[in-house]
Amino acid sequence: METFELTNYNFYSSRLDMELITNIVDTLKEILEEDKKQEQPLFLKVADDFIMNIARKVVQEKKKTFLIGITGESASGKTVFVDNTIEAVVRDKKEGIYTVIRQDDYYKDTSKELEAGSYDALFKTGFSFDTPDVIDLQLMRKHLLGLKQGETVVSPKYDFVTCVSDPDGEVKTPAKVVLTEGLYVLNEEVRDIMDVKVYVFTPIDVIKERWYKRAVSRGKTGEAADLQFKNVNETAQQYIRPTYQIADCIINGMVDKDYIKVITEKIMARLAEVCC
């Protein structure tokens, strides 16, 4: 009798879960269809099982931390996408909802290399700021796994002008959603721990314009900037663009930040209706 009651409960629990998962899938598909009609849609490509996996995690893995990895070329719009998505979803700064780990904070200290001369001289030696080797991916992986396991970590802080890495950066607390963004968050050293893999695609001419504007704020102009951008393009071809193929979702880096907020708010509102 006891076995029957337990089985009976599990049956109805599973059935209700499947009904909710189906409703979430249908809702997300409707939003994607609406997005396709935009002149600049946010979602360029979605893997066949992506929506189902999202719905299943929302319903059946409520207590687990959700780790989302967002990559794309330098100046593709990764940070803009993350920041505006957060702004739309979280109206207050309440802890426990989200934590952001930015790969830029995990650059290895290269201040001694820079002491040898200018950026121009450094780049002419063949040094590159745009390969996985200059990022402490092992430390980043350790911190991401720690957050998934409910641990508090301290991320380093990197100065792009002086090339100094300060180990005592910012305290990161565990949260329901952990977002991590950067050039190599889908690198083979860390991608296996991601629950969702996102690639931000932006045309190279737009990337170039954005990149040069940002380079000025990081102390790179003239020949130094030209040398680094040449290297940026070469390393993107080797290390970053191939991850386009393994992403669960391709995001349009040309989308206006206001539309990112609008569609994010729409998704959250629709899901709240379905799940209530």
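Residues numbered from 1 in each chain as written. Predicted model: local features only at pLDDT ≥ 70, side-chain atom pairs only at ≥ 80, totals over all residues. Heavy atoms only, no water.

This brings us to helix α3 (residues 78-89). Taking 1.5 Å per residue, twelve residues should reach 16 Å; α3 reaches 17 Å between its end C-alpha atoms and fits that length. Along α3, the residues classified as buried are Lys 78, Phe 81, Val 82, Asn 84, Thr 85, Ile 86 and Ala 88. (Helix = DSSP H or I, 4+ residues; strand = E, 2+ residues; numbered from the N terminus. Expected span 1.5 Å × (residues − 1). Buried < 20%, exposed > 50% of the residue type's maximum accessible area, 1.4 Å probe, protein only.)

Let us now look at the packing of aromatic side chains. For any pair of aromatic rings, the description consists of the separation of the ring centres together with the inter-plane angle of the planes. Following the criterion strictly, the structure yields nine aromatic pairs and no others. Measuring from ring centre to ring centre gives 5.4 Å for Tyr 107 and Phe 160, while their planes differ by 75 degrees; the resulting arrangement is edge-to-face. Of this pair, Tyr 107 sits in the loop between β3 (98-102) and α4 (111-115) while Phe 160 sits in the loop between β4 (153-158) and β5 (165-172); the two residues are 53 residues apart in sequence, bridging distant segments of the chain. Tyr 107 gets classed as buried once you look at its relative accessible area, which sits at 6%. Ring-pair connections join several aromatic residues into one group, and the members of that group are Tyr 107, Tyr 158 and Phe 160. In this structure, Arg 218 packs its charged tip against the face of Phe 160, placed 3.8 Å from the ring centre. (Phe/Tyr/Trp six-rings, centres within 6.5 Å; stacked < 30°, edge-to-face > 60°. Lys NZ or Arg CZ within 6 Å of the ring centre and 35° of its normal.)

The next thing to look at is the packing of helix α7 (residues 204-217) against helix α8 (residues 222-240). As a packed pair, α7 and α8 sit with axes 11 Å apart at the nearest point and diverge in direction by 145 degrees. Regarding α7 and α8, the two cross each other, and that crossing is right-handed. In contact with Ile 204, Ile 207, Lys 208, Trp 211 and Tyr 212 of α7, α8 contributes Ala 225, Asp 226, Gln 228, Phe 229, Val 232 and Asn 233. Class assignment for the residues of the contact of α7 with α8 results in seven nonpolar, two polar and two charged. (Axes fitted to C-alpha atoms, helices over the stretch in contact; angles between N-to-C directions. Left-handed = near helix turned anticlockwise from the far one by under 90°. Contact = heavy atoms within 4.5 Å. Nonpolar A, V, L, I, M, F, W, Y, C, P; charged D, E, K, R; others polar.)

With that settled, the discussion passes to unusual backbone geometry. Peptide bonds are trans in most cases, and residues, glycine excluded, mostly fall at negative phi. One non-glycine residue, Ala 75, lies in the positive phi region at around 70 degrees. Summarising the element assignment, Ala 75 is placed in the loop between β2 (66-72) and α3. Notably, Cys 163 is not glycine yet its phi reads approximately 65 degrees, a positive angle. Topologically, Cys 163 is positioned in the loop between β4 and β5.

What describes two packed helices is the angle between their axes and the distance between those same axes. Where α3 contacts helix α9 (residues 257-275), the axes come no closer than 8 Å and their chain directions differ by 45 degrees. Judged by the angle between their axes, α3 and α9 are oblique. In this structure, α3 meets α9 at a crossing whose hand is right-handed. For the pair α3 and α9, contact is made by Val 80, Phe 81, Asn 84, Thr 85, Glu 87, Ala 88 and Val 89 and by Lys 257, Ile 260, Lys 261, Thr 264, Glu 265 and Met 268, respectively. (Parallel < 35°, antiparallel > 145°, perpendicular 65-115°, else oblique.)

When you line up the elements, Tyr 184 lands in the loop between β6 (177-181) and β7 (196-201). Classification of Tyr 184 as buried rests on a relative accessible area of 2%. Sequence separation of Tyr 184 and Leu 145 is 39 residues, and the distance between their C-alpha atoms is 16 Å. Leave out the neighbours within four places in its chain, and Tyr 184 touches Thr 71, Gln 103, Asp 130, Thr 131, Pro 132, Ile 135, Leu 137, Val 190, Thr 235, Tyr 239 and Ile 240. A polar side-chain atom of Tyr 184 sits 2.5 Å from the main-chain carbonyl oxygen of Asp 130. (Polar contact = N/O pair within 3.5 Å; in protein donor to acceptor, adjacent residues only side chain to side chain.)

This next bit is on the confidence of the model for the protein. Summing up the model confidence of the protein, the mean pLDDT is 87 and the portion of residues at 70 or higher is 90%. Of all helices and strands in the protein, the one with the weakest mean pLDDT is helix α5 (residues 119-124) (68), whereas helix α6 (residues 137-148) scores best (97). Note that pLDDT drops below 50 for residues 1-12; the model gives that stretch zero contacts with residues more than four away or on any other chain. (pLDDT = per-residue confidence, 0-100.)

Let's shift gears to the environment of Val 171. By the secondary structure assignment, Val 171 is in strand β5. Classification of Val 171 as exposed rests on a relative accessible area of 52%. Sequence separation of Val 171 and Gln 40 is 131 residues, and the distance between their C-alpha atoms is 37 Å. Sequence-distant contacts of Val 171, defined by excluding residues within four places in its chain, comprise Thr 152, Val 153 and Val 154.

Let us now look at the sheet that holds β3. What the six strands build is an open sheet, ordered β1-β8-β7-β2-β6-β3; its pairing is mixed. The open sheet has two edge strands, β1 (43-46) and β3, and neither has a second partner. For this sheet, the mean inter-axis angle between neighbouring strands, taken without regard to orientation, is 20 degrees. Alignment of β1 against strand β8 (residues 249-252), held across three bridges, turns out to be antiparallel. The residue bridging Phe 43 from the neighbouring strand is Ile 251, located in β8. (Pairing = 2+ DSSP bridges.)

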